[in-house]
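Commentary on secondary and tertiary structure
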Amino acid sequence: MTQPSPPSQGDPMRVFDRRLVRLRRDRAAATVAQVAPVLEAAADRLLDRLDDTTRRFSRALEIGGRGVVAPLLRARGIPFVVSMDLSARMVAGAGGTPLAGDEEWLPFAPESFDLVVANLSLHWVNDLPGALVQIRRCLRPDGLFLASLPGLGTLQELREALAGAEAELRGGLSPRLSPFPELRDLAGLLQRAGFALPVADAEALPVRYRSPMALFRDLRAAGETNAVLARDPCTPPRALLPLAASRLPEDAEGIPASFRLLVMTGWSPHESQSKPARPGSATVRLADALGVEEQRAGEAAGRGGG
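Before going into details, it helps to say that this report is about the structure given with it. (Residues numbered from 1 in each chain as written. Predicted model: local features only at pLDDT ≥ 70, side-chain atom pairs only at ≥ 80, totals over all residues. Heavy atoms only, no water.)

**Overview of the side chain of Arg-49**
Quick note on the threshold: We count a stretch as a helix when DSSP gives it H or I for four or more residues in a row; a strand needs E for two or more, and each element gets its number in order from the N terminus. Burial classes follow relative accessibility: with a 1.4 Å probe on protein chains only, a residue under 20% of its type's maximum area counts as buried, one over 50% as exposed, and anything between as partly exposed. Nitrogen and oxygen atoms within 3.5 Å of one another constitute a polar contact, given that in protein one can donate a hydrogen and the other can accept it, and given that sequence-neighbouring residues count only through two side-chain atoms. Two residues qualify as a contact provided that any one of their heavy atoms is within 4.5 Å of a heavy atom in the partner residue.
Counting through the fold element by element, Arg-49 comes out in the loop between α2 (36–47) and β1 (59–63). Of the residues examined, Arg-49 reaches a relative accessible area of 18% and is grouped as buried. At 2.6 Å, the side chain of Arg-49 forms a polar contact with the backbone oxygen of Arg-45. A polar contact is formed between the side chain of Arg-49 and the side chain of Glu-203, at a distance of 3.5 Å. Look past the residues within four positions of Arg-49 in its chain and what remains in contact with it is Leu-146, Asp-201, Glu-203, Val-263 and Thr-265.

Quick look at the structure:
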């Protein structure tokens, strides 16, 4: 199945060249297996959240899984999995029923799925709030949304090395790496999109490389190279990458590549879900509750001192 992307609306708030993102993913379809261990590590950590619920899922959509998410979902007993990616070439090997489509324009009817998983893909979306709204709409009531994104601080060593090298060679800077979201924004975005019980958390995914070139090759193999609209269209100086590579920190274990994994969890609203209490409905004053706790703590301290 294929779903054409709509033409650009000329939105001045666009950050990414979505056409270039698709072309990069087309090219990476032949090489993405090289970075499967990193993608699988992130997917495993994301799907661990399924172990925290007794809910059973039967219809799942995975977005941008690059061949690692659909098999993991099927291994968990989910019988129907649709794999969607911006790139038709990438999605051909994704493992689920393939659909080439745009995360910003989801081609699904309301309540089509009871689980949506997006592993390391939504950081290339220009309108993340709009994409979250569409994801929530295509979920059935009490359906679950799980997503992971690289967060602020990811590849910070490379970002600083490139900035220092370019400033030395050209006396100025241009965007060489994508901007990444901050954790504090994600729970609010989920709530604004209409998700119930929104949660956002972060964890480190340790990655090290034997050489700078191995890091550069992996970024290219994954389709994660620069697609920022404000990027410098000129060919970078030949000395840029070697100089940046020389500035990367290195220790006995290799070259660290910081990877801060942000995870979003949200549920499609349903009457069975717990809800916050109505303001003014409490039957016990908070001060009284705190007084009891303080008294008990004091009693315990007294017994300990006796």
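What follows continues from the structure just given.
**Topic: the sheet that holds strand β6 (residues 196–204)**
What holds strands together in a sheet is hydrogen bonding between their backbones, with the strands either parallel or antiparallel. For the record, the criterion: Paired strands, in this sense, are two strands between which DSSP finds at least two bridges. Axes here mean lines fitted to C-alpha atoms, for a helix over just the part in contact, with angles spanning 0 to 180 degrees between N-to-C directions.
With mixed pairing, seven strands are arranged side by side in an open sheet as β3-β2-β1-β4-β5-β9-β6. What marks the edges here is a single partner per strand, and that holds for β3 (97–100) and β6. Adjacent strand axes in the sheet meet at a mean angle of 15° when their direction is disregarded. Running at roughly 140° to strand β4 (residues 113–119), α2 makes contact with β4, β5 (139–150), β6 and β9 (260–267) of the sheet.

**Some words on the side chain of Thr-265**
Here Thr-265 shows up in strand β9. Filtering out sequence-adjacent residues up to four positions away, Thr-265 remains in contact with Arg-49, Leu-144, Phe-145, Leu-146, Leu-190, Leu-197, Pro-198 and Val-199.

Without other data, these values stay purely geometric and don't point to any function.
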